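Take a look at the letters that make up each chain.
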Amino acid sequence: MSPVRSEASAHPHPTGRRPPWSAALHLCQGLLAAALGLSVLAMTVLLLWTISPHPDSGPGGAVRTAADLWLLAHGVHLLRTETLSGVPAPIGLTPLLLVLLPGWLLVRAVRVSLTHGREPGVHTADPREGPGAALGISLGYLLAAAVVVHTADAPLRPEPLSAALQLPLFTLAATAIGVWRVCGPPAMDRFRRLRESALWLQETGALRAAAAGTAALCGAGALLAAGALALHADAAQLTLGRLTGDWSGRISVLLLAGALVPNAAVWAASYGLGPGFILGAGTPIAPPALGGEPPLSALPLLAPAAGGGPQAPELWAVAAMAPLAGVLAAAWCVAHTAVPVRADRVTATGWAATAQAALLTAGGMGIAMALLTVPAGGPLGTGELAEFGPSAWRTGLATAVWAAVLGTPAALLLRLWRLRGVPPAAGAQDRRASRPRPGRRTAAPDDLWHTTGARRVRWAALRQSSGRLVPTLPPHGGRDDRPAPAAEARGSAPAGTGAGEADPHDDWQSGLLHQDWPTGSAPADAGAGDPEPGCPEPGSPDSVGPDSVGPESGSPDSGDPDSGDPDSGDPGRPPVSRSGGQPFRRSSSP
């Protein structure tokens, strides 16, 4: 649950608004983020240029290379003009590790801008300030990017259309993530249906399960690529020696290979899923067989793909471990959300809701993998070098099929396994349900308090602590919305509702009024205003509750200094029941 924002931290200024110079602060933060990203890459390239024994150009060429790498990290396609055929060759393969640098700098710029001038340790801000900060930082960042694009020169220059689309899209997406982390999710008060759908999707846990499954799939793909490279270590070392002979060149090749490690993880995950990937025109790399010698097999990172020919079935089994890891991770998250408290059927969701969450998770994993494969591949030239990497729609479809076919039954089996055993104590259950998760930004606290899962956890804890006095909740998704008859009403109805009518704002109250109450607690012939059997009559010495509040029962109006809890001696405390020790709520009705 997101931390509660105090008025002092959310509005540090007397008027509750940011000062007029905050727009300039956002603009400067955007310029600073772009300058820092360029500086890191420029220092790295200049260091390699300094130790190179035979540099091809001066320091100006090294700086232009750093600027090209910075643009490539944003997904901008570059054009290589100096070719043998005279036709510009595109370079569109983005090293995914370089994407982390500008993305992190933009998120940091948003956090610094929104938390400037606040108390130390406060990392939250007013959500109304988020859009303005995102737009200001994006504007400053894009101004610096426009300067870099305008000054780019041969032999590599950015493609104009790609730069006009990729740079604003990347900047706005990164700043939006930063605003989400600092200000939390948007309130969406004007979009009620969208807000309810977002809360429902969050309650199913499909987004969290899809993220966990995608991360596990890519992690297993990284292990698969590392294992294949370890088996072909001799070939990789031989190709490294052929490419360059000096240490600066070898360090450059190793740094390039390190920047492409996330790409290799996505490629290996696509290989394990079945579609595989392409290394040049007519060179598919898929589990059945390799299509032939790749055109870039001289790179050390592609050494396992060299050779071609059929593959052993053992390799297929090892490759299948990558999608299985992602499916199991997603299924575990779905089952944990379906049964938040182990062996507790009260708070658990049904099998239909679990299957629905598993299918939503499969769709989310497919979309995530399709979005990852788009920047992970791209052209490296013309002709045979025009296609590199996995296909986005094939990889996404294969991921969704794997997760739906295997993940749904796995989630149902894990749900049954978590329902086994004895439920924990009420105190441990309540602590586990209300345990805060640091760093997690969710919806507003009021929305989380009124979700179905939170209500079920609270009601289960109340039922275990009170014995059979509290009825069980209806099954998840099976709420009974029929109006309660007058004979089943208990106590006086709140203002605006008649006796026996449930409050329309409590969506769970109507389900509770139709449950089978224990014998002797609420007989069918009990009237709306009759006291419950087993309870003291109003006005008796053992009766302490809303009906006994008055001048004669120790209320604050009676002038009795001993009003309140007689055991504590504190006159400010509410009356306490002698049977359960819980304070009664004073009734507002006469």
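In this text the structure is predicted, and so the values were computed from the model without any measurement.

### Some words on the overall build of the protein
Okay, so step 1: Along the protein, the regular secondary structure elements total 19 helices and 8 strands.
Okay, so step 2: Expressed as a percentage of the 590 residues in the protein, the buried residues total 37%.
Okay, so step 3: Pairs at least 24 apart in sequence give 73% of the contacts found in the protein among residues at least 6 apart.
Okay, so step 4: For the protein, the accessible surface area stands at approximately 32,300 Å², while carbon and sulfur atoms represent 64% of it.

### Overview of the nonpolar core
Okay, so step 1: Counting residues in hydrophobic clusters, the biggest one holds 37 residues, and the most contacted among them are Trp-70, Leu-71, Leu-106 and Leu-114.
Okay, so step 2: Listed by contribution, the elements that provide at least two residues to this core are helix H2 (22–51), helix H3 (59–73), helix H4 (96–114), helix H5 (130–151) and helix H6 (160–183).
Okay, so step 3: The contacts of Trp-70, once residues within four sequence positions are left out, are Ala-34, Gly-37, Leu-38, Leu-41, Tyr-141, Ala-145 and Val-148.

### What about the sheet that holds strand S3 (residues 156–158)?
One key point about sheets: their strands pair by backbone hydrogen bonds, in either a parallel or an antiparallel sense.
Okay, so step 1: Taken in spatial order, the 3 strands make up an open sheet running S2-S1-S3, and their pairing is antiparallel. Lying at the two open borders of the sheet, with one neighbouring strand each, are strand S2 (89–91) and S3. In this sheet, adjacent strand axes meet at a mean angle of 35° when their direction is disregarded.
Okay, so step 2: Sheet topology note: the strand S1 (residues 78–80)/S3 ladder contains 3 bridges and is antiparallel. For Arg-80, the partnering residue across the bridge sits in S3 and is Leu-156.
Okay, so step 3: On top of the sheet, H3 reaches S1, S2 and S3; it is set at about 135° to S1, its chief contact.

### Quick look at empty space enclosed by the protein
Okay, so step 1: Under the definition given, this model contains 1 cavity of 30 Å³ or more.
Okay, so step 2: Computed from the structure, the largest cavity encloses a volume of approximately 40 Å³.
Okay, so step 3: Forming the boundary of the largest cavity are Val-327, Ala-330, Ala-331, Val-334, Ala-358, Thr-361, Ala-403 and Gly-407.
Okay, so step 4: Broken down by secondary-structure element, the contributors of at least two residues to the lining of the largest cavity are helix H13 (321–338), helix H14 (351–376) and helix H15 (392–418).
Okay, so step 5: Of the residues that constitute the lining of the largest cavity, the class distribution is 6 nonpolar, 2 polar and no charged.

### Some details on the packing of aromatic side chains
Okay, so step 1: Summed over all chains, the structure comprises 3 aromatic pairs.
Okay, so step 2: A cation over an aromatic ring shows up here: Arg-250 above the ring of Trp-247, its NZ or CZ 5.5 Å from the ring centre.
Okay, so step 3: Looking at Arg-342, its charged tip hangs above the ring of Trp-417, at a distance of 4.2 Å from the centre.

### A look at unusual backbone geometry
Okay, so step 1: Within the chain, Ala-343 stands out as a residue other than glycine whose phi angle is a positive 65°.
Okay, so step 2: By relative accessible area, which is 9% here, Ala-343 ends up buried.

### Quick word on the confidence of the model for the protein
Okay, so step 1: This prediction gives the protein a mean pLDDT of 74; 66% of its residues lie at or above 70.
Okay, so step 2: Across the protein, the element-wise mean pLDDT spans from 41 in helix H1 (residues 7–10) up to 95 in H15.
Okay, so step 3: Long-range and interchain partners of residues 1–16, a stretch whose pLDDT sits below 50, account for 30 contacts in this model, where long-range means more than four residues apart.

### A word on the environment of Leu-31
Okay, so step 1: Of note, Leu-31 is situated in helix H2.
Okay, so step 2: Given a relative accessible area of 36%, Leu-31 falls into the partly exposed group.
Okay, so step 3: Once residues within four sequence positions are removed from consideration, Leu-31 is found in contact with Gly-140, Tyr-141, Leu-143 and Ala-144.

### Observations concerning the environment of Gln-166
Okay, so step 1: Tracing the chain through its elements places Gln-166 in helix H6.
Okay, so step 2: With 89 residues separating them along the chain, Gln-166 and His-77 place their C-alpha atoms 8.9 Å apart.
Okay, so step 3: When residues no more than four places from it in sequence are discounted, the contact partners of Gln-166 are His-74, Gly-75 and Val-76.

### Side note on the side chain of Thr-399
Okay, so step 1: Mapped onto the fold, Thr-399 is located in helix H15.
Okay, so step 2: On the basis of relative accessible area, Thr-399 is assigned to the buried category, the value being 2%.
Okay, so step 3: Residues within four places of Thr-399 in sequence aside, it is in contact with Leu-217, Leu-273, Met-365, Gly-366 and Met-369.

### Focus on the packing of H14 against H15
Okay, so step 1: With their axes 7 Å apart at the nearest point, H14 and H15 run at an angle of 155° to one another. By the angle class used here, H14 and H15 are roughly antiparallel. Remark: the crossing between H14 and H15 carries right-handed chirality. Residues Trp-351, Thr-354, Ala-355, Ala-358, Leu-359, Ala-362, Met-365, Gly-366, Met-369, Ala-370, Thr-373 and Val-374 of H14 lie in contact with H15, whose contacting residues are Ala-392, Thr-395, Gly-396, Thr-399, Ala-400, Ala-403, Ala-404, Gly-407, Thr-408, Ala-411, Leu-412 and Arg-415.
Okay, so step 2: Of the residues assigned to the contact of H14 with H15, the class counts are 15 nonpolar, 8 polar and 1 charged.

### What about the packing of helix H10 (residues 247–259) against helix H11 (residues 261–273)?
Okay, so step 1: Across the interface, H10 lies against H11 with an axial gap of 4 Å and an inter-helix angle of 45°. Considering the angle they form, H10 stands oblique to H11. Contacts from Ala-257, Gly-258 and Ala-259 of H10 reach H11 at Val-261, Pro-262 and Asn-263.
Okay, so step 2: Taken together, the residues that form the contact of H10 with H11 break down as 4 nonpolar, 2 polar and no charged.

### Describing the environment of His-116
Okay, so step 1: Structurally, the position occupied by His-116 is in the loop between H4 and H5.
Okay, so step 2: Exposure remark for His-116: the relative accessible area of 39% places this residue in the partly exposed category.
Okay, so step 3: Separated by 91 residues in the primary sequence, His-116 and Leu-25 have C-alpha atoms spaced 9.3 Å apart.

### A short note on a nonpolar patch on the surface
Okay, so step 1: Residues Met-321, Leu-324, Trp-393, Leu-397, Val-401, Val-405 and Leu-406 make up a contiguous nonpolar surface patch of about 690 Å² in total accessible area.
Okay, so step 2: Sorting the residues of the nonpolar patch by element identifies H13 and H15 as the ones contributing at least two each.
Okay, so step 3: Considering each element in turn, the nonpolar patch owes the most residues, 5 residues, to H15.

### Things to note about H14
Okay, so step 1: End to end, H14 covers 37 Å across 26 residues, agreeing with the expected 38 Å (1.5 Å per residue, within 8%).
Okay, so step 2: Next to the buried residues of H14 lie H4, helix H7 (192–204), helix H8 (206–231), H11, H13 and H15.
Okay, so step 3: Downstream of H14 by a residue or two, Gly-378 has a phi angle that is positive, lying close to 155°.

Cut-offs applied
Along every chain, residues carry numbers that run from 1 in the direction the sequence is written. pLDDT decides what is reported in this predicted model: residues at 70 or higher carry local features, side-chain atom pairs at 80 or more are listed and counted, and totals for whole chains, interfaces and linings draw on all residues regardless. Side-chain numbers here rest on the full set of heavy atoms in the structure, without hydrogens or water. Helical segments are the DSSP runs of H or I of at least four residues, strand segments are the runs of E of at least two, and each set is numbered from the N terminus. Three exposure classes are used, based on accessible area relative to the maximum for each residue type with a 1.4 Å probe and protein chains only: buried under 20%, partly exposed in between, and exposed over 50%. Any two residues whose heavy atoms approach within 4.5 Å are treated as being in contact. The accessible surface values rely on the Shrake-Rupley method and a 1.4 Å probe; as for residues, cover is taken only from the protein chains in view. Residue types Ala, Val, Leu, Ile, Met, Phe, Trp, Tyr and Cys, when buried and joined through side-chain atoms within 4.5 Å, form a set referred to as a nonpolar core. One bridge is not enough; two strands pair if DSSP finds at least two bridges between them. Axis definition: a line fitted to C-alpha atoms, over the contacting stretch in the case of helices. Angles run 0 to 180 degrees between N-to-C directions. Here a cavity is any set of points on a 1 Å grid over the protein atoms alone where a 1.4 Å probe fits but cannot get out, and a pocket is any open set with protein on both sides within 12 Å along at least 5 of 7 lines; a residue lines the site when it has an atom within 4 Å of a point. Grid points are joined across faces, edges and corners, and a volume is the space filled by probe spheres set on the points. Side-chain classes follow a simple rule in which Ala, Val, Leu, Ile, Met, Phe, Trp, Tyr, Cys and Pro form the nonpolar group, Asp, Glu, Lys and Arg form the charged group, and the remainder, Gly included, forms the polar group. We call Phe, Tyr and Trp rings a pair once their centres come within 6.5 Å, taking the six-membered ring for Trp, and we label the pair stacked below 30 degrees between planes, edge-to-face above 60, and tilted otherwise. Here, a charge over a ring means that NZ of Lys or CZ of Arg falls within 6 Å of the ring centre while also lying within 35 degrees of the ring normal. By definition, pLDDT measures how confident the predictor is in each residue, and it falls between 0 and 100. What sets the label is the angle itself: under 35 degrees gives roughly parallel, over 145 gives roughly antiparallel, 65 to 115 gives roughly perpendicular, and the rest give oblique. Left-handed describes a crossing whose near helix is turned anticlockwise from the far helix by less than a right angle; the clockwise case is right-handed. Residues qualify for a patch when their relative accessible area is over 30% and they have no salt bridge, like charges being joined within 9 Å and the nonpolar side chains of Val, Leu, Ile, Met, Phe, Trp and Tyr within 5 Å. Here, a salt bridge means any side-chain nitrogen of Lys or Arg that lies within 4 Å of a carboxyl oxygen of Asp or Glu. The span you would expect from a helix comes to 1.5 Å times its residue count less one.

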